[in-house]
There are 8 protein chains.
Amino acid sequence: MTVNYDYRRAERLGMPEAILCDGKSCRHLGEILRELGERPDFPVLFTRMTPGQFEQLQDSEGASLDYDELSQTAVLHGNLEPRAGRVAIVTAGTSDLTVASETTRTLEFSGICNTLFADVGVAGLWRLMERVDEIADHDVVIVVAGMDAALASVVAGLVNKCVIGVPTSVGYGVANDGRTALNAMLASCGQGIVVTNIDNGFGAACAAIRILNALALDE
Amino acid sequence: MTVNYDYRRAERLGMPEAILCDGKSCRHLGEILRELGERPDFPVLFTRMTPGQFEQLQDSEGASLDYDELSQTAVLHGNLEPRAGRVAIVTAGTSDLTVASETTRTLEFSGICNTLFADVGVAGLWRLMERVDEIADHDVVIVVAGMDAALASVVAGLVNKCVIGVPTSVGYGVANDGRTALNAMLASCGQGIVVTNIDNGFGAACAAIRILNALALDE
Amino acid sequence: MTVNYDYRRAERLGMPEAILCDGKSCRHLGEILRELGERPDFPVLFTRMTPGQFEQLQDSEGASLDYDELSQTAVLHGNLEPRAGRVAIVTAGTSDLTVASETTRTLEFSGICNTLFADVGVAGLWRLMERVDEIADHDVVIVVAGMDAALASVVAGLVNKCVIGVPTSVGYGVANDGRTALNAMLASCGQGIVVTNIDNGFGAACAAIRILNALALDE
Amino acid sequence: MTVNYDYRRAERLGMPEAILCDGKSCRHLGEILRELGERPDFPVLFTRMTPGQFEQLQDSEGASLDYDELSQTAVLHGNLEPRAGRVAIVTAGTSDLTVASETTRTLEFSGICNTLFADVGVAGLWRLMERVDEIADHDVVIVVAGMDAALASVVAGLVNKCVIGVPTSVGYGVANDGRTALNAMLASCGQGIVVTNIDNGFGAACAAIRILNALALDE
Amino acid sequence: MTVNYDYRRAERLGMPEAILCDGKSCRHLGEILRELGERPDFPVLFTRMTPGQFEQLQDSEGASLDYDELSQTAVLHGNLEPRAGRVAIVTAGTSDLTVASETTRTLEFSGICNTLFADVGVAGLWRLMERVDEIADHDVVIVVAGMDAALASVVAGLVNKCVIGVPTSVGYGVANDGRTALNAMLASCGQGIVVTNIDNGFGAACAAIRILNALALDE
Amino acid sequence: MTVNYDYRRAERLGMPEAILCDGKSCRHLGEILRELGERPDFPVLFTRMTPGQFEQLQDSEGASLDYDELSQTAVLHGNLEPRAGRVAIVTAGTSDLTVASETTRTLEFSGICNTLFADVGVAGLWRLMERVDEIADHDVVIVVAGMDAALASVVAGLVNKCVIGVPTSVGYGVANDGRTALNAMLASCGQGIVVTNIDNGFGAACAAIRILNALALDE
Amino acid sequence: MTVNYDYRRAERLGMPEAILCDGKSCRHLGEILRELGERPDFPVLFTRMTPGQFEQLQDSEGASLDYDELSQTAVLHGNLEPRAGRVAIVTAGTSDLTVASETTRTLEFSGICNTLFADVGVAGLWRLMERVDEIADHDVVIVVAGMDAALASVVAGLVNKCVIGVPTSVGYGVANDGRTALNAMLASCGQGIVVTNIDNGFGAACAAIRILNALALDE
Amino acid sequence: MTVNYDYRRAERLGMPEAILCDGKSCRHLGEILRELGERPDFPVLFTRMTPGQFEQLQDSEGASLDYDELSQTAVLHGNLEPRAGRVAIVTAGTSDLTVASETTRTLEFSGICNTLFADVGVAGLWRLMERVDEIADHDVVIVVAGMDAALASVVAGLVNKCVIGVPTSVGYGVANDGRTALNAMLASCGQGIVVTNIDNGFGAACAAIRILNALALDE
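Residues numbered from 1 in each chain as written. Chains lettered and ligands numbered in written order. Predicted model: local features only at pLDDT ≥ 70, side-chain atom pairs only at ≥ 80, totals over all residues. Heavy atoms only, no water.

Asks: Quick rundown of the overall build of chain A? Include the residues and the values.
Replies: When you go through chain A residue by residue, the secondary structure sums to nine helices and nine strands. Against the 2.2 N^0.38 benchmark of 17 Å for 219 residues, chain A shows a C-alpha radius of gyration of 18 Å, consistent with a compact globule. Along the three orthogonal principal directions, the C-alpha set of chain A runs to about 50 × 45 × 25 Å. The buried share among the 219 residues of chain A stands at 64%. The contacts in chain A between residues at least 6 apart in sequence include a share of 71% that link residues at least 24 apart. With the model as given, the accessible surface of chain A reaches about 7200 Å², and the carbon-plus-sulfur share is 46%. Of note, chain A has its 16 positive side-chain charges centred 5 Å away from the centre of its 29 negative side-chain charges. (Helix = DSSP H or I, 4+ residues; strand = E, 2+ residues; numbered from the N terminus. Rg over C-alpha atoms; globule rule 2.2 N^0.38 Å. Buried < 20%, exposed > 50% of the residue type's maximum accessible area, 1.4 Å probe, protein only. Contact = heavy atoms within 4.5 Å. Areas by Shrake-Rupley, 256 points an atom, 1.4 Å probe, with all protein chains shown as cover. Lys, Arg positive; Asp, Glu negative; His and termini not counted. Charge placed at Lys NZ, Arg CZ, Asp CG, Glu CD.)

What follows is the structure, encoded as structure tokens:
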């Protein structure tokens, strides 16, 4: 049950090596931590690590994980070097913060400057309008929204940068665990919105890193 | 194959007797026209009558149908008496006009004053903002929108009247023949939006009439 | 993790400021309660607050929440002023009462007079027929029903007021967590039924308030 | 491409040998007709035969098919012997008549007495109430209805015989080509409703024949 | 929160008054038991009563419920009078027994003779062939099967009585909680199969009762 | 718009180079034919070529395509060398023959001996039982069936060779364009059935070839 | 039926004003052309214009549309100014070229340099490996693929730039009109892939433009 | 509640008698164990036995079950005789190991030699390329993969043996509990891939056994 680590991923793709904890047993995660513990020069991000998993790992392994409960992420061996580029993360409601914080943690781990604009959903449009110029002043804009996800369409009509939509699984009934938000973002009347899987705050950060990789080359 | 007409519907429910032509053969529609032709005091609205159906009926029956191609509706024996109340119809894009015109025709047939606000989708937000006060000055607001249907959420945050969403089947891929618009409206972050079936411009007009029925009582 | 409260919503939309507790942590709700505790002139409705959440908040905050277990709602700082208009709430079975009570609590919070007609499903038609005249004597009729939701269609054929359908997630198998009731209401043969999201008793109350807003203007 | 005919089906199952024409080429149907033409003692029912198919077969084969356009059925070599038992067929709207006529034709072919109650949908409840005693006076009741299919639930609450629901694909949007009617019938609050595939008027007739088979034994 | 009991259902429909416990709180069920406790002449069947619910009710109410754990049913005030007619219940696998036992309990409560043929799925066809003549010798045949539900099609080809399919939610993946079994039964190549909701063993028994109601009349 | 042909596929994978005509314009197919016309040593199979496409290509190109209308396949430059192994193709109904013939044509093109067992569906079980020993005497068994696809489960219980299910899109309503047959095969109670995409007769033949590749090695 | 043109979109968002012809009548498109004909300084892109629409418009309007049949796009009043940045478009099969050409046409209209890498699907992996370095040497990579869309995952593992997946509706059965490709791209094991609606080649180009907008700022 | 064991299955089909524990109560499993305990010559495989079920059975029965936690399988009365043929099992990620180990345990129980190639997903393509020749050197290749399942397509392009895809339910959002992996495998651009139900590692092993049955005959 050994893992094929991708020690050269950061070098090859400019993206962090990350371990998805969801669906892995604590015994398996323990083995991974022991193996990685011997490579202090290899920073790793753990995503979707539940507080329960963290507690068990903390007790039995002694690994110095930097854990954040809201985003359910843990960092091993510190963050990567700071890099150029600025990313805005915009959320529709306070329930979207869990997903948004996965994005911000991944960006911080990757050394990328970012700003969070929370609770600016379109049901109270003035909240967004007050901050739209500030949002537009970033290289990439990530919109985290559930239910009708109308925020993504409105933002895309107001800023000219890449708008990455992250649909969230908040809501009930026809919110359909995020599928309605996903489809609404994909079918948006706003031109050129691109979208990640539901609740994939990590993936949105990786997409932003890919975009900034091109910027870095051009500089 | 006789039809059980509801000659007292207008009286009982305050709503028009309407014949849905979709799925009926021309022979069957012809029989209906002949029967109704003998009751000139009984105004009837035909919905979803294709131009092809109209042409065949016009030729063979000689019934004096007042046909409108955009809305695919026909009126027999004139409109109902004018009634109190004003309804706003707001559309996101020009492709939604077919459905919106079914609403306006049904309201006109029912004697109700209405205003159409076309092509004010949120991708260009200023188009809506210019007219929002005018929209708010109606008793009922019907929002006709497809794809992400974000317009319904934004309008519901700006006006305090009943907002009836009519999802439309425009768009492709995950627009899912209007299901995404429907679900987005139902899961809207805007409080108290109510929704009809996809493309059901007729139903939205009937709902508005039901609302105005209560107003009429209170006056 | 601050919230952008909409202190002027009641004034702007005539609808209550409401906090959806579903998906919020108790820590987050505690912060909200502390903040709102300092604004005794700002009545707030909490929806989908589980008994567990209520107990934790009651212990740690000391806020004087008026909690109702059946509807899972809590009121802070009392109800709004009484307003004109009467709303009927009709339920198909006793399992629909949880959702219906969210509607009645929201209306009471908003100062609106309402009557509950419980367990009048169409499997025993005489139960409905006995009370239909009483139901028809309201400004708005909200039908709360799950499974086949046939009650909405029958009521819409008998009363001439706005019929708002609230599909519920009761039942099993092809009841599909309320999707069958939702679709049956949207595809109803009853003209002009409008519908909310599944189990959205709060939304139905808000829609009724929007309708009564227009009535108030006309009076 | 020969067919394995089930010459003993009537004897074994008491049900007609039937050929589904949908999805078969005219060449294939022609071969079948030629083969069966040589067995005049073997009555056969053809279902879902389009007018186009009938015309081609009529021209090229000379077989004496008794064709009915509304039900899209054809009978070869006459009907079966009359049998005991009476079946009621009840339809919600005139658009359901195509499916209902497939049921009545199959019953007639099978020698079974049946009555059609057309256009008694619940949107105008009095139409059903006038005829419910007459309906209840049959051995089996088949309800053919699309969209919300509320008629099946109401009938099941009023009669004590087997109620077979046949959902139809009429309607648009969330009528979902009959899936909403199907699910509403299956999730009906009426006890003991059983259901066939969408638009399967033939299957409902066969189910009725199976029921009458048991009656015949007991007599 | 009172219930509108249907005290005349047995008389009107020949079917048992039944209380679905699923989705009802123990407090609510307790109230029902207290009310019904005062009508010893009114036999009632409780369905989907979990062992947990039964224990709580047993402790607090002292009502003499006759509880069966496998079928999750309880009987209050004894069974109904014996009636004519015989019903066969056929199951594909041992996992389908929970659902099948809901059918047999309902039939026993209703005074109807029935036989269970367990674990005769088509993966080992000889198991079915050994007993098929015995099965055919009943007035109604109920087939309880999950996953591919192939048993229903095979049985329908071998017996000439009404075959009622009850799809079950056993299995995983594309078994889709019984939807695949449901659709396979509805689309069966076996003529005249009729179907109930997933896991609805109670409904199948009620359908059998409706069929036997017609037999009783004819005798 | 050149195509990257895989001239070494037969050598590398033992499978035919095949061109899917579905979704390609006649102009594009014409270019392909011209290019391949210059490589007479490179046999190619064209699948899903409509009669319309064939006629246009025949007229304009003069390429010597060996076309078969039932299977909608065309062969260019003759069949491959005969190979060891025998494949049985079993169909439930005559409507499945189109798909089954795509399988037999692909096997013939690939030089593999095969036998077709047509119209042996389980609704008349004796048809299958008569031929089951003959079927079992092949190296691979391909079952082509639509609707409930019960045939695959029954065959898998009777033969011990690899059973490849090919669901077909015949039927209507909940047959769901073959999805019900697909799911029923995947959820089959028969152990070890494997399945292809709906209507993918070509893919089933390729899978059989892959299996025979292993046999060839072992011989 | 006037249109609210967004004459300042290019200025505000750096993206082209585009008219979606799908779902618009020729009469409506004619009006649009007449209106725009009077603004020669306003370049416009028409998307999803069928050959039939183009022919009718060409005849009746005399507008000098530059039409391309493969991509179903037309350009009015010439292309925009050349801009910095290079985009790679990679397709899995030749059937994906229609969608890919909508992307390349939109980029050309917008003055952006781009390269097409056609028919490099993973079924023959060497075709992709030969060109992967060349692909990696662009600022943005757009992968156009249908069916399993495996190409997107493989490319994302080999290049470090933003990978925009465009799922296409090619294929049949469970290809589900592109939904399987869409979901596979969204659930890809490749980190940071972002996705557009099915067949939305235009949207992918707009997303690339948004990304290049940020690059332009940084230069 | 007795079970109809298939004591001759191994003889008839060459496949193991297996008991699916999922959905069976411990009491029921206990009865089965007691019955089988008396037939020491009858080896049986238990699948989907949770650790909880194992513990309860171990305590109360004393049966000598050989239990494996990762695969959730238990063997009673030892493995079957060794047989000819070699099977490769290839997994995309470490989360797929649970399913893959059900396959390897079933093969070991059945006496078949097999090799596991773990964590060779296409996001890091070199991991697969290093081992592809080794994989190709088996008679059957089973690919266990979730999410986009791209590994199956890539493997099918590189080896010429039967490729059996086992989709797994790992992942979140549009991974749809394995449905996306299932559909992607079925719609794969790789020719001749065949597929089992989601997470059905046992079924894939049975399919391999069926294939090897043919090999055994030919040897």
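Asks: Hey, could you go over the interface of chain A and chain G for me, with residue numbers and the actual values?
Replies: With 38 residues of chain A at the contact, the number on the chain G side is 38 residues. Around 3100 Å² of area is buried between chain A and chain G when both sides are counted, 55% of it from carbon and sulfur atoms. Of all residues in chain A, the largest losses of buried area upon contact with chain G belong to Leu186, Gln191 and Arg210 of chain A, amounting jointly to 25% of the total for that side. Linking chain A to chain G there are zero salt bridges. Those elements that provide at least two residues to the side of chain A that touches chain G are helix H1 (9-13), helix H7 (150-158), strand E8 (162-167), helix H8 (179-186), strand E9 (194-195) and helix H9 (201-218) of chain A. Along the lines of polarity and charge, the residues of the side of chain A that touches chain G split into 23 nonpolar, eight polar and seven charged. (Buried area = accessible area lost by both parts, 1.4 Å probe. Salt bridge = Lys/Arg side-chain N within 4 Å of Asp/Glu carboxyl O. Nonpolar A, V, L, I, M, F, W, Y, C, P; charged D, E, K, R; others polar.)

Asks: Describe the sheet that holds strand E3 (residues 66-68) of chain B, naming the residues involved and giving the relevant values.
Replies: All names here are of chain B. Taken in spatial order, the four strands line up as E1-E2-E4-E3 in an open sheet, and their pairing is mixed. Either end of the sheet is taken by a strand with one partner, and the two such strands are strand E1 (18-20) and E3. On average, each strand axis in the sheet is inclined to that of its neighbour by 15°, with strand direction left out of account. Sheet topology places E3 next to strand E4 (residues 73-76); three bridges connect them, and they run antiparallel. If you follow Asp68 over to E4, its bridge partner there is Thr73. On the sheet, helix H4 (residues 97-109) packs against strand E2 (44-47), E3 and E4 and is oriented at approximately 10° with respect to E4. (Pairing = 2+ DSSP bridges. Axes fitted to C-alpha atoms, helices over the stretch in contact; angles between N-to-C directions.)

Asks: Tell me about the packing of helix H8 (residues 179-186) of chain C against helix H8 (residues 179-186) of chain D, and name the residues and values.
Replies: Following both chains from N to C, one finds H8 of chain C and H8 of chain D inclined at 125°, their axes separated by 9 Å at the closest point. Comparing their axes, H8 of chain D and H8 of chain C come out oblique. Seen along the crossing, H8 of chain C lies across H8 of chain D with a hand that is left-handed. Across the interface between the two elements, Thr180, Asn183 and Ala184 of chain C of H8 of chain C pack against Thr180, Asn183 and Ala184 of chain D of H8 of chain D. Looking at the contact of H8 of chain C with H8 of chain D, its residues break down into two nonpolar, four polar and no charged. (Parallel < 35°, antiparallel > 145°, perpendicular 65-115°, else oblique. Left-handed = near helix turned anticlockwise from the far one by under 90°.)

Asks: Before we move on, could you go through the relation of the copies chain A and chain G and cite the residues and values that matter?
Replies: The operation relating the two chain copies consists of a rotation about an axis and a shift along that axis. In screw terms, the move from chain A to chain G is a rotation of 180° and a rise of 0.0 Å along the axis, fitting with an RMSD of 0.0 Å. The operation mapping one copy onto its partner corresponds to a two-fold rotation axis. (Least-squares fit on C-alpha atoms with pLDDT ≥ 70 in both.)

Asks: Describe helix H7 (residues 150-158) of chain F, naming the residues involved and giving the relevant values.
Replies: Summarising burial for H7 of chain F: eight of the nine residues are buried, a large majority. Every buried residue belonging to H7 of chain F is among Ala150, Leu151, Ala152, Ser153, Val154, Val155, Ala156 and Gly157 of chain F, and all of these are buried.

Asks: Tell me about the relation of the copies chain A and chain C, and please be specific about residues and values.
Replies: Once chain A has been moved 0.0 Å along the axis and rotated by 90°, it coincides with chain C to within an RMSD of 0.0 Å. A rotation of that kind, with that shift, is consistent with a four-fold axis. If distances are taken from each C-alpha of chain A to the rotation axis, the shortest is found for Asn176 of chain A, at 8.2 Å.

Asks: Break down the interface of chain A and chain C for me, with residues and values.
Replies: Across the contact, 13 residues belong to chain A and 19 residues belong to chain C. Summed over both partners, the interface of chain A with chain C buries about 1400 Å², with 50% contributed by carbon and sulfur atoms. Looking only at chain A, the three residues that lose the most surface to chain C are Thr94, Trp126 and Tyr172 of chain A, adding up to 42% of its buried area. Taken together, the links from chain A to chain C amount to zero salt bridges. Taken together, the connections running from chain A to chain C amount to five residue pairs in polar contact (both at pLDDT 80 or more). A breakdown of the residues in the side of chain A that touches chain C according to their chemical character gives seven nonpolar, four polar and two charged. (Polar contact = N/O pair within 3.5 Å; in protein donor to acceptor, adjacent residues only side chain to side chain.)

Asks: Residue-level account of the environment of Leu97 of chain G, with values.
Replies: For Leu97 of chain G, the position within the fold is in helix H4 (residues 97-109). Spatially, the C-alpha atoms of Leu97 of chain G and Leu151 of chain G are 15 Å apart, while their sequence positions differ by 54 residues.

Asks: Could you give an account of the sheet that holds strand E4 (residues 73-76) of chain A, naming the residues involved and the relevant values?
Replies: All names here are of chain A. Spatially, the four strands line up as an open sheet ordered E1-E2-E4-E3, and their pairing is mixed. Edge positions in the open sheet fall to strand E1 (18-20) and strand E3 (66-68), since each of these has one partner strand only. Pairwise comparison of adjacent strand axes, ignoring direction, gives a mean angle of 15° for this sheet. Packing of helix H2 (residues 26-37) onto the sheet brings it into contact with E1, strand E2 (44-47) and E4, and relative to E2 it is tilted by some 170°. Against the sheet, helix H4 (residues 97-109) touches E2, E3 and E4, its axis set at about 10° to E4.

Asks: Can you tell me about the domain arrangement of chain A, naming the residues and giving the values?
Replies: Residues and elements named next belong to chain A. On domain assignment, one finds that chain A holds domain 1 (9-76) and domain 2 (86-218). For domain 1 versus domain 2, the separation of C-alpha centres amounts to 25 Å. Each partner contributes to the interface: domain 1 provides 18 residues, whereas domain 2 provides 15 residues. Both faces considered, domain 1 and domain 2 share a buried interface measuring about 1300 Å² in area, 65% of it formed by carbon and sulfur atoms. Considering only the surface of domain 1 that becomes buried against domain 2, Met15, Pro16 and Leu70 emerge as the three largest contributors, covering 35% of it. Our enumeration of links across domain 1 and domain 2 arrives at two salt bridges. With its nearest N and O atoms 3.7 Å apart, the salt bridge here joins Asp66 to Arg105. At the boundary of domain 1 with domain 2, the tally comes to four residue pairs in polar contact (both at pLDDT 80 or more). Looking at the side of domain 1 that touches domain 2, the elements that each hand over two or more residues are E2, E3 and E4. Split by residue class, the side of domain 1 that touches domain 2 holds eleven nonpolar, four polar and three charged. (Domains from an automatic or database assignment.)

Asks: Describe in detail the pattern of salt bridges, supporting the description with residues and values.
Replies: If charged atoms from side chains of opposite charge come close, those side chains can pair. All names here are of chain B. For the structure shown, the criterion picks out 24 salt bridges over all chains. Here Arg48 ties to Glu102 by a salt bridge, and the two come within 4.0 Å at their closest N and O atoms. Placement of the pair is Arg48 in the loop between E2 and helix H3 (51-61) and Glu102 in helix H4, with a sequence separation of 54 residues. Take Arg48 and Glu102: they sit in the same class, and that class is buried.

Asks: Give me the lowdown on the environment of Phe117 of chain F, citing residues and values where you can.
Replies: Residue and element names in this part refer to chain F. In this fold, Phe117 is placed in strand E6 (residues 113-117). Through-space distance from the C-alpha of Phe117 to that of Leu151 is 12 Å; in sequence the pair is 34 residues apart. Not counting residues up to four positions away in its chain, the partners in contact with Phe117 are Ala88, Ile89, Val90, Thr91, Arg131, Glu134, Ile135 and His138.

Asks: An account of the packing of aromatic side chains is requested, with residue identities and associated values reported.
Replies: Applying the stated criterion to the full structure yields eight aromatic pairs over all chains. Ring centres 4.3 Å apart and planes at 10° place the aromatic pair Phe54 of chain G and Tyr67 of chain G in the stacked group. Of this pair, Phe54 of chain G sits in helix H3 (residues 51-61) while Tyr67 of chain G sits in strand E3 (residues 66-68), placing them 13 residues apart in sequence. Of the residues examined, Phe54 of chain G reaches a relative accessible area of 12% and is grouped as buried. Geometry around Tyr172 of chain D places Arg48 of chain B over its ring, the cationic atom sitting 3.6 Å from the centre. (Phe/Tyr/Trp six-rings, centres within 6.5 Å; stacked < 30°, edge-to-face > 60°. Lys NZ or Arg CZ within 6 Å of the ring centre and 35° of its normal.)

Asks: Mind laying out the confidence of the model for chain A, listing which residues take part and the relevant values?
Replies: Chain-level pLDDT for chain A is 91 on average; 93% of the residues reach the 70-or-more range. We note a pTM of 0.95 for the whole complex and an ipTM of 0.94 for its interfaces. (pLDDT = per-residue confidence, 0-100.)

Asks: Describe helix H4 (residues 97-109) of chain C, naming the residues involved and giving the relevant values.
Replies: Residue and element names in this part refer to chain C. With 13 residues, H4 should cover 18 Å at 1.5 Å per step; its first-to-last C-alpha distance of 18 Å lies within 8% of that length. When you tally the buried positions in H4, you get eleven out of 13 residues, the bulk of the element. Taken together, the buried positions of H4 are Leu97, Val99, Ala100, Ser101, Glu102, Thr103, Thr104, Arg105, Thr106, Leu107 and Phe109. Among the residues trailing H4, Gly111 stands out with phi positive, at a value near 80°. (Expected span 1.5 Å × (residues − 1).)

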